[in-house]
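# Observations on chain architecture
Each chain, written out:
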Amino acid sequence: NAGVTQTPKFQVLKTGQSMTLQCAQDMNHEYMSWYRQDPGMGLRLIHYSVGAGITDQGEVPNGYNVSRSTTEDFPLRLLSAAPSQTSVYFCASSYRIAGGPSEQFFGPGTRLTVL
Amino acid sequence: KNQVEQSPQSLIILEGKNCTLQCNYTVSPFSNLRWYKQDTGRGPVSLTIMTFSENTKSNGRYTATLDADTKQSSLHITASQLSDSASYICVLAPDDKVIFGPGTSLSVIP
């Protein structure tokens, strides 16, 4: 199994550009989520999905869109990149147990710089 | 107020020594509490996961404890190794919106 894969690993954007960060998992997990991690701060939840066709907002959703058309894929779209979106982005997946996600498996991360 | 706080913020210990990392939380109830290890430049990796009713969970040299009355969890690392140098993150899942603590940065030196 490849686990959780993310592409690209690195990306540099100019302010105002849009792009999509890709995330895929091959473990048949229902729950998938996107986080951003800024220096000195914990991971913050951007969006999450509990199954195909179902998405919801996390703590910091502004400026980002997601979709979940299949169980395997959960892309994150930046609508109009801003310097404040410079960060490391992690995708994660897990099964769901009573009340929430179980042990989450993380991808290697995408390092995004917005100039 | 942060819902998950960790202490210390950073810690330096000698190889072979033990250490204990603390997690205080205000979130209640929750489905599970986990500890993750994050090496520099990589995604977090799960160490332990405990349900609300569990008191302790071990994974090799890592032992996590949970006190629901005081809303505290700790991660004890025994006989530390250089490879234990990483950030250790306490995570709570009250529902589908998982909450991450800020982490404790551990450095193990020879």
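Before going into details, it helps to say that this report is about the structure given with it. Keep in mind it's a predicted model, so treat the numbers as computed, not measured.

## A word on the overall build of chain B
Within chain B, the secondary structure is distributed over 0 helices and 11 strands. If you list the helices and strands of chain B from N to C, you get β-β-β-β-β-β-β-β-β-β-β. Here the C-alpha radius of gyration of chain B, 13 Å, is about what a compact globule of 110 residues would show, namely 13 Å. The principal-axis extents of the C-alpha atoms in chain B amount to approximately 40 × 25 × 20 Å.

## Overview of the interface of chain B and chain A
Counting residues at the interface gives 21 residues for chain B and 23 residues for chain A. Contact between chain B and chain A buries roughly 1,600 Å² in total, counting both sides, with carbon and sulfur atoms accounting for 51%. The three residues of chain B that bury the most area against chain A are Asp96, Lys97 and Phe100 of chain B, which together make up 34% of that side's buried surface. Counting across the chain B and chain A interface gives 1 salt bridge.

## Quick notes on the state of the cysteines
What the rule picks out here adds up to 2 disulfides over all chains. Across a sulfur-sulfur distance of 1.8 Å, Cys23 of chain A and Cys91 of chain A are joined as a disulfide pair. Its torsion about the S-S bond being -70°, the disulfide of Cys23 of chain A and Cys91 of chain A is classed as left-handed. Of this pair, Cys23 of chain A sits in strand β3 (residues 19-25) while Cys91 of chain A sits in strand β9 (residues 87-94), and the two are 68 residues apart along the sequence. Note on accessibility: Cys23 of chain A and Cys91 of chain A belong to one class, buried. The disulfide partner of Cys23 of chain B is Cys90 of chain B, and the gap between their sulfur atoms is 2.1 Å. Taking the sign of the torsion about the S-S bond as the criterion, the disulfide between Cys23 of chain B and Cys90 of chain B, at about -65°, is left-handed.

## Some thoughts on the sheet that holds strand β3 (residues 19-25) of chain B
Residues and elements named next belong to chain B. Judged by pairing direction, the sheet is antiparallel, and its 5 strands sit side by side in the order β1-β3-β8-β7-β6 without closing on themselves. The outermost strands of the open sheet, each flanked by one partner alone, are β1 (4-7) and β6 (56-59). In this sheet, neighbouring strand axes are inclined to one another by 15° on average, regardless of whether the strands run parallel or antiparallel. Bridge analysis of strand β7 (residues 62-67) against strand β8 (residues 72-77) gives 6 bridges, and the strand direction is antiparallel. Bridge pairing in β8 links Thr65 to Ser74.

## Overview of the nonpolar core
In terms of nonpolar packing, the biggest core is built from 24 residues, with Leu33, Trp35, Leu75, Tyr88 and Leu92 of chain B touching the most fellow members. Contributing elements (two or more residues each) for this core: β3, β4 (32-38), β5 (45-51), β7, β8, β9 (86-93) and β11 (104-109) of chain B. When sequence neighbours within four positions are dropped, the list of residues in contact with Leu33 of chain B reads Tyr25, Thr48, Ile49, Met50, Leu66, Ser73, Cys90, Val91 and Leu92 of chain B. Membership of the second largest hydrophobic core comes to 20 residues, among which are Met19, Val60, Val66 and Leu76 of chain A.

## With respect to the sheet that holds strand β7 (residues 64-66) of chain A
Residues and elements named next belong to chain A. With antiparallel pairing, 4 strands are arranged side by side in an open sheet as β1-β3-β8-β7. This sheet does not close on itself; its edge strands, each paired only once, are β1 (4-7) and β7. Ignoring strand direction, the axes of neighbouring strands in this sheet form an average angle of 20°. Where β7 lies against strand β8 (residues 76-78), 3 bridges are found, and the strand directions are antiparallel.

Rules behind the numbers
Residues numbered from 1 in each chain as written. Chains lettered and ligands numbered in written order. Predicted model: local features only at pLDDT ≥ 70, side-chain atom pairs only at ≥ 80, totals over all residues. Heavy atoms only, no water. Helix = DSSP H or I, 4+ residues; strand = E, 2+ residues; numbered from the N terminus. Rg over C-alpha atoms; globule rule 2.2 N^0.38 Å. Contact = heavy atoms within 4.5 Å. Buried area = accessible area lost by both parts, 1.4 Å probe. Salt bridge = Lys/Arg side-chain N within 4 Å of Asp/Glu carboxyl O. Disulfide = S-S within 2.5 Å. Buried < 20%, exposed > 50% of the residue type's maximum accessible area, 1.4 Å probe, protein only. Pairing = 2+ DSSP bridges. Axes fitted to C-alpha atoms, helices over the stretch in contact; angles between N-to-C directions. Core = buried A, V, L, I, M, F, W, Y, C linked by side-chain atoms within 4.5 Å.

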